[in-house]
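# Topology and contacts: notes
Letter by letter, the chains look like this.
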Amino acid sequence: MTMTTPTDERRSITDRIAESMLDHHGDMYGDERERLHWYEGIATAAGVQWLTVPSACAVMVWIGGRPTVVPLVVVLLALYLPLILCTAYVHRRQVTIAPRTWSAKRILWTVAYALPYVVFTVGAMAPFATHARPLRATVVGGIIGAAVAVAWLAVMTIRRRRREATVQPDAE
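Residues numbered from 1 in each chain as written. Predicted model: local features only at pLDDT ≥ 70, side-chain atom pairs only at ≥ 80, totals over all residues. Heavy atoms only, no water.

### Focus: unusual backbone geometry
Formally: What counts as a helix is a DSSP run of H or I of at least four residues, what counts as a strand is a run of E of at least two, and both are numbered from the N terminus. Exposure categories follow from relative accessible area, calculated using a 1.4 Å probe and restricted to protein chains: below 20% of the type maximum is buried, above 50% is exposed, and the middle band is partly exposed.
For Gln-94, which is not a glycine, the phi torsion comes out positive at approximately 60°. On the secondary structure map, Gln-94 appears in the loop between α3 (69-92) and α4 (104-125). Since its relative accessible area comes to 70%, Gln-94 is described here as exposed.

Here is the structure:
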């Protein structure tokens, strides 16, 4: 698996972290085929963690209440920072992160990944709310944020389709 790396003057912190973590020479994961399978396994494990850790935090904040909020926020941040690194890494490699299409499977997984954060946020706010108003504001803010995210993803998908249509003319 050949990987192009930016020149030294263009190497970002993200590039340097990835370079230290990835196995470009087969020292840790073997040849190209073996390395691909390891990376598939690692991606699968990460996907499972991206679903289970926030879900566990959402359940724990509702059970544990106020004393659990800060430690669980730290856990979620520790999970979320590598997600940001991952997105920055693939974006820097000029990989389009917008989906081509929104299949039922993609929508289901997107909701499954996002829902625990919503449940966690409401559960984290509940112990601090002396009345229902802050909780309503949290829910309304979450709905607005979700609507903005969906609109942004729709625009990104449309842009990707247009870009690909201009690059690859239809063969008739």
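### Things to note about α4
The condition that has to hold: For a helix, the expected span equals 1.5 Å multiplied by the residue count minus one. The contact definition used throughout considers only heavy atoms, calling two residues in contact when any of these lie within 4.5 Å.
With 22 residues, α4 should cover 32 Å at 1.5 Å per step; its first-to-last C-alpha distance of 31 Å lies within 8% of that length. Within α4, the full set of buried residues consists of Pro-116, Phe-120, Gly-123 and Ala-124. For α4, the elements touching its buried residues are α2 (32-64) and α3.

### Describing the environment of Leu-51
In this structure, Leu-51 sits in helix α2. Distance from Leu-51 to Ala-112, taken between C-alpha atoms, is 7.1 Å for residues 61 residues apart in sequence.

### A closer look at a nonpolar patch on the surface
This is how the line gets drawn: Each patch groups residues whose relative accessible area exceeds 30% and which form no salt bridge, using 9 Å between like charges and 5 Å between nonpolar side chains of Val, Leu, Ile, Met, Phe, Trp and Tyr. Here the Shrake-Rupley method, with its probe set to 1.4 Å, supplies the accessible areas, and only the displayed protein chains count as covering residues. Note on definitions: salt bridges are taken to be side-chain nitrogens of Lys or Arg within 4 Å of carboxyl oxygens of Asp or Glu.
Together, Trp-62, Trp-102, Ile-107, Val-111, Leu-115, Val-118 and Val-119 make up an exposed nonpolar region whose accessible area comes to about 620 Å². A per-element tally of the nonpolar patch places α4 first, with five residues. Mapped onto the elements, Ile-107 comes out in helix α4. Residue classification places Ile-107 among the partly exposed residues on the basis of a relative accessible area of 42%.

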